[in-house]
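Structural characterization, general
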Amino acid sequence: MATTDKASPRDRLLDAAAQLFYRDGVSVGIEALCRTAGVSKRSMYQLFDSKDEMLAASLEKRIPRYEALLAPADPDSVTPRERILYVFEQVEKAAADPGYLGCPYLAVLVELKDPGHPASQVARAVKEDLKALFRTQAERGGAHDPDLLARQLMLIFDGASARAGARVEHLDDGLATATVTALLDAAGVAQAHTATAAP
């Protein structure tokens, strides 16, 4: 992720943090972050109390882009089933990129292992929002047990992104969407536009 001279020092730091933390992990040092951002260490500490705070802020800044990636241009024009499948189609497309290293929010949760860390709290909230989306769509689509289906979909999402990011699985054969399709069928999620309307 390239930074530009026109960006503010704060934005340059957040962009550098997003790039380096995703590529190299949360153990990246302050010096590397500042060097990549073109910002002095002193300036960094004037903007952020700690590297932990900067990591959390970089994850927050990335949320709109992340959510937009997983949402069709017109979400209201698709059925709940299509809305769920769209998420997994995007994971399959993203996994084909040589720079894909998995879901950045899952990576942070796995690396930090500290639910109280500010970055963990941001990442966990993003994951809960995705699960809530799955649950809402499952309910609208007539799933027998929307809560259970949402949990199952999260397992597939995180498992697919982690395995693809680790380069131990390729998703270009449609494995993720085929798996989700079978799960939606078993859960009773409707295929047609006759799905239950949202309340």
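Computed from a predicted structure; not experimentally measured.

Our focus in this paragraph is the nonpolar core. Counting residues in hydrophobic clusters, the biggest one holds 59 residues, and the most contacted among them are Met 54, Phe 88, Phe 134, Leu 149 and Phe 157. Of all elements in the fold, only helix 1 (9-24), helix 2 (30-37), helix 4 (51-69), helix 5 (80-95), helix 6 (104-112), helix 7 (118-140), helix 8 (146-165) and helix 9 (175-187) reach the threshold of two or more residues within this core. With eight residues, the top contributor of residues to this core is helix 8.

What follows covers the confidence of the model for the protein. Chain-level pLDDT for the protein is 92 on average; 93% of the residues reach the 70-or-more range. For the stretch residues 194-199, pLDDT sits under 50, and the model shows seven contacts to residues farther than four places along the chain or on other chains.

The next subject is the environment of Ala 56. Checked against the element boundaries, Ala 56 lands in helix 4. For the pair Ala 56 and Gln 152, spaced 96 residues apart in sequence, the C-alpha separation works out to 27 Å. If near-sequence neighbours (up to four positions away) are discounted, Ala 56 is found in contact with Pro 118, Ala 119 and Val 122.

The next subject is helix 9. Over its 13 residues, helix 9 runs 18 Å from end to end, which matches the ideal 18 Å to within 8%, given 1.5 Å per residue. Residues of helix 9 that are buried: Ala 176, Thr 177, Val 180, Leu 183, Leu 184 and Ala 187. For helix 9, the buried positions fall inside an angular range of 125° around the axis, keeping them on one side. As for helix 9, its buried residues are in contact with helix 5 and helix 8. Gly 188 sits one or two positions beyond helix 9 and adopts a positive phi of about 85°.

Going through the model one piece at a time under the given rule, you end up with 10 salt bridges. Notably, a salt bridge pairs Asp 15 with Lys 61, separated by 2.9 Å at the nearest N-O pair. Of the two residues, Asp 15 sits in helix 1 while Lys 61 sits in helix 4, which places them 46 residues apart along the sequence. By relative accessible area, Asp 15 is classed as buried at 15%.

Scoring rules and cut-offs
- Residues numbered from 1 in each chain as written.
- Predicted model: local features only at pLDDT ≥ 70, side-chain atom pairs only at ≥ 80, totals over all residues.
- Heavy atoms only, no water.
- Core = buried A, V, L, I, M, F, W, Y, C linked by side-chain atoms within 4.5 Å.
- Buried < 20%, exposed > 50% of the residue type's maximum accessible area, 1.4 Å probe, protein only.
- Helix = DSSP H or I, 4+ residues; strand = E, 2+ residues; numbered from the N terminus.
- pLDDT = per-residue confidence, 0-100.
- Contact = heavy atoms within 4.5 Å.
- Expected span 1.5 Å × (residues − 1).
- Arc of directions from axis to C-beta.
- Salt bridge = Lys/Arg side-chain N within 4 Å of Asp/Glu carboxyl O.

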